[in-house]
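This is what each chain is made of:
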Amino acid sequence: MDSITLLGLCAAVLTTSAFLPQMVKTWQSKSAKDVSYLMLVTFMSGLFLWLVYGIYLKSLPIILANSITFFFNFIILSLKIKYR
C-alpha cells in the first residue's frame, strides 16, 4: 500500500468516526431534535456523489469513507424520523 492510500485511509477513519458520537447520542437519547433534516439530506447527497466518484476512480479510501459515513448518517436520519 502506497503512502497516499495510507494517508487517504487515515483521513477516512478520522472523518467517518466523527459521526459515531452523534449516532450513539441520538440512539441513546432517542432524540434528534437538534439535527437538521436539510443538513442530513444535503450531506448524504454529497456523500453519495463522493461514493460514485470514488468508485469511478477505484479509490479505496474514498469508497470506504463515504459508504460508511453515508450508512451512519442514514441511521441518524432514520432515528430522527423515528423519534420525532
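Everything discussed here concerns the structure shown above.
This write-up is about the structure you can find in this document. (Residues numbered from 1 in each chain as written. Predicted model: local features only at pLDDT ≥ 70, side-chain atom pairs only at ≥ 80, totals over all residues. Heavy atoms only, no water.)

## A word on the overall build of the protein chain
A tally of helices and strands in the protein chain yields 4 helices and 0 strands. Taken over 84 residues, the protein chain has a buried fraction of 31%. Long-range pairs, those at least 24 residues apart, make up 75% of the contacts in the protein chain with a sequence separation of at least 6. Just so you have it, the protein chain exposes about 5,900 Å², and 73% of that area is on carbon and sulfur atoms. (Helix = DSSP H or I, 4+ residues; strand = E, 2+ residues; numbered from the N terminus. Buried < 20%, exposed > 50% of the residue type's maximum accessible area, 1.4 Å probe, protein only. Contact = heavy atoms within 4.5 Å. Areas by Shrake-Rupley, 256 points an atom, 1.4 Å probe, with all protein chains shown as cover.)

## Some thoughts on the nonpolar core
Of all hydrophobic cores here, the largest spans 11 residues; its members are F19, M23, A32, V35, L40, M44, F72, I75, I76, L77 and L79. Broken down by element, the residue count for this core peaks at 5 residues, all from helix α4 (residues 60-82). Contacts of M44, omitting those with residues within four sequence positions, involve F70, N73, F74 and L77. (Core = buried A, V, L, I, M, F, W, Y, C linked by side-chain atoms within 4.5 Å.)

## Observations concerning α4
Helical periodicity: at 3.6 residues per turn, an α-helix aligns residues three or four positions apart in one direction. The first and last C-alpha atoms of α4 sit 33 Å apart over 23 residues, in line with the 33 Å expected at 1.5 Å per residue. The complete set of buried residues in α4 reads P61, I62, A65, N66, T69, F72, N73, I75, I76, L77, L79 and K80. In this structure, the buried residues of α4 make contact with α1 (3-17), α2 (20-29) and α3 (37-57). (Expected span 1.5 Å × (residues − 1).)

Note that all results are geometric; they support no functional claim without further evidence.
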